[in-house]
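Structural overview for review
Here is what each chain is made of, one letter per residue.
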Amino acid sequence: MKIKFLGAARTVTGSMHVIECGGLCFAMDCGLFQGSKEIKERNYQDFKVNPQTLDFVILSHSHIDHIGLVPKLCKLGFKGNIYCSFATAELAKVMLPDSAHIQETEVERKNRKLLRAGKIPLEPIYTVEDAMKCLSQFRPVNYDELFTPAEGVEVRLRDAGHILGSSIVELWLEEAGKRSKIVFTGDLGQTNQPFIKDPTFIESADYVVMESTYGDRFHKDVLNRVEKLKQVIDETMKKGGNLIIPAFAVERTQDLLYDLNELYVKGDLDESIDVYIDSPLAIAATEIFKKYTQLFDNETKNFVNNGFHPLELPHMKYSHSQEESMELNNINRSIIISASGMCEAGRIKHHLKYNLWRPESTILFVGYQAEGTLGRKILDGEKIVTIFGEQVTVKADIRQIEAYSSHADQSGLLSWLKRYDGTPKTVFLVHGEEKAQQTLAELIRRDIHLQVVIPQWLDEYPLDESMHIEPKAVPMQTETRITNRSLEAEELYLQLRMKLNRFYQDSITGQKYEELIDKMEKITSQL
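Please read these numbers as outputs of a predicted model, since none were measured by experiment.

Calculation rules
- Residues numbered from 1 in each chain as written.
- Predicted model: local features only at pLDDT ≥ 70, side-chain atom pairs only at ≥ 80, totals over all residues.
- Heavy atoms only, no water.
- Helix = DSSP H or I, 4+ residues; strand = E, 2+ residues; numbered from the N terminus.
- Polar contact = N/O pair within 3.5 Å; in protein donor to acceptor, adjacent residues only side chain to side chain.
- Pairing = 2+ DSSP bridges.
- Axes fitted to C-alpha atoms, helices over the stretch in contact; angles between N-to-C directions.
- Contact = heavy atoms within 4.5 Å.
- Core = buried A, V, L, I, M, F, W, Y, C linked by side-chain atoms within 4.5 Å.
- Buried < 20%, exposed > 50% of the residue type's maximum accessible area, 1.4 Å probe, protein only.

**What about the side chain of Thr-426?**
Note that Thr-426 resides in strand S20 (residues 426–430). In terms of polar contacts, Thr-426 uses its side chain to reach the side chain of Gln-451, at 2.8 Å.

Okay, structure coming up:
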């Protein structure tokens, strides 16, 4: 049994980890690399595993740095199932074609220059057609339910509290009569976010593959981020400029709408200020959020049930077409929320081109900016940046509100890891820059006394035999105190559900239909 780290190793993008066990080979995530030119070049290279040899893929959530190379994987011969939560599958239907469209558009623009120079034109990593084709291989599953993608492998998805549909992945693997448990955190969320429930605590594991994005930092202004947003809005409108907010289409855009709605309800948002969502992807993702209200936390559910929907703002306007987006170049005193969140692609680059040089405008960053991205360069204080091959002077005010991050900070990561009942043999830190990872690793070794490994890209590690950890029934998360008797009833219900699921799967596999029907009829008669 071994694990290979083919992405998100000492960097925050390109998540992909491959496990080999008992003759099986499968991948956790298959994400796009973002950041510096050197990092992005990996997207054009051959996979470091033959896609045709993979039995299945599991996706933690729908952000492009976790799913963005799935169409390429399928294009190059992967034929297996792709498992993820229902919300992730729904979001992937809009995320992947959008990613392909951006690539086709960028390549078309670059090719015009290459052809004029007599050079060989580029090809996109994958096309919209490729993205649409891969969707037929998605197999969504419910949170907290065990499933068996292959013999000797059991999987359970748990709510990661990062974005809608994000999952912590629990894996039970069997090889040579021994069972091991590996937990992949995906991206862990911070607590008390709008819409999303808090991350699930996991009770045990032999190995933990853990994200470390904010391993050296604490989120600021968490308790007063709405007031910080109001302050930035007021300052920008007083100058007469536009407030440009680069935001991820999934979660960050919706969090901003939540807070803007709160300001509006309190009377703290001037109704004369138009709010534009200039991202077809963000518009589509917002509609998917409205569809999955059952995944919302209790507070947001109560808002919706009381007639206050945090995703509906009276003076919010959607820019669906490119023409509508271009019209925003001529406006003032407005709020424009656009993707991509790291300013690497999409319509946000046009808004930066038309607003960065204007002293009356403000660029507000509300998400992580990976090293080498345009957003990171602006945030780090570069005075001249290149956009679409043109140099643009930075004269706008540059602001940041870190409280919008959907990642757990250092405190959140350590708190989550400390909740394990047993002692994991090894913690592998991924999805982080080296400084953050080294800081977090030292704290884990010192305070929790666990072995920590920070893998390099393409590193491979054998997973030794470990103690036998059986999956336990999962009590559904609740945000109110419940009685011990209630918890016991819930535990028994989930144990029964797991047993029924296994019996059903075994009966179908063995074609024991009469036995299955007889058993189900007996159970039904007792209810």
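**Side note on the sheet that holds strand S3 (residues 24–28)**
The 7 strands are arranged S6-S5-S4-S3-S2-S1-S22 in an open sheet whose pairing can be described as mixed. Each edge of the sheet is formed by a strand with only one pairing partner; in this case those strands are strand S6 (138–141) and strand S22 (460–462). Strand-to-strand, the axes of this sheet are offset by a mean angle of 20°, without reference to chain direction. Two strands pair when backbone bridges link them, and strand S5 (residues 81–85) and S6 are joined in this way by 4 bridges, in the parallel orientation. Bridge pairing in S6 places Ser-85 opposite Val-141. Packed onto the sheet, helix H4 (residues 86–116) meets S5 and S6 and runs at close to 115° relative to S5.

**Some remarks on the nonpolar core**
Core analysis: the biggest nonpolar cluster contains 106 residues, and Met-16, Leu-96, Phe-138, Leu-164, Leu-171, Ile-233 and Ile-335 have the highest contact counts within it. Considering each element in turn, this core owes the most residues, 7 residues, to H4. Counting 24 residues, the second-largest nonpolar core is a separate cluster that includes Ile-202, Val-208, Tyr-420 and Ile-444.

**Some points on the pairing of strand S15 (residues 334–338)**
Summarising burial for S15: 5 of the 5 residues are buried, a large majority. The side-chain alternation of S15 yields two buried faces, one formed by Ser-334, Ile-336 and Ser-338 and the other by Ile-335 and Ile-337. Bridge count between strand S13 (residues 274–278) and S15: 5 bridges; the pairing is parallel. Looking at S15, one finds that Tyr-276 is bridged to Ile-336.

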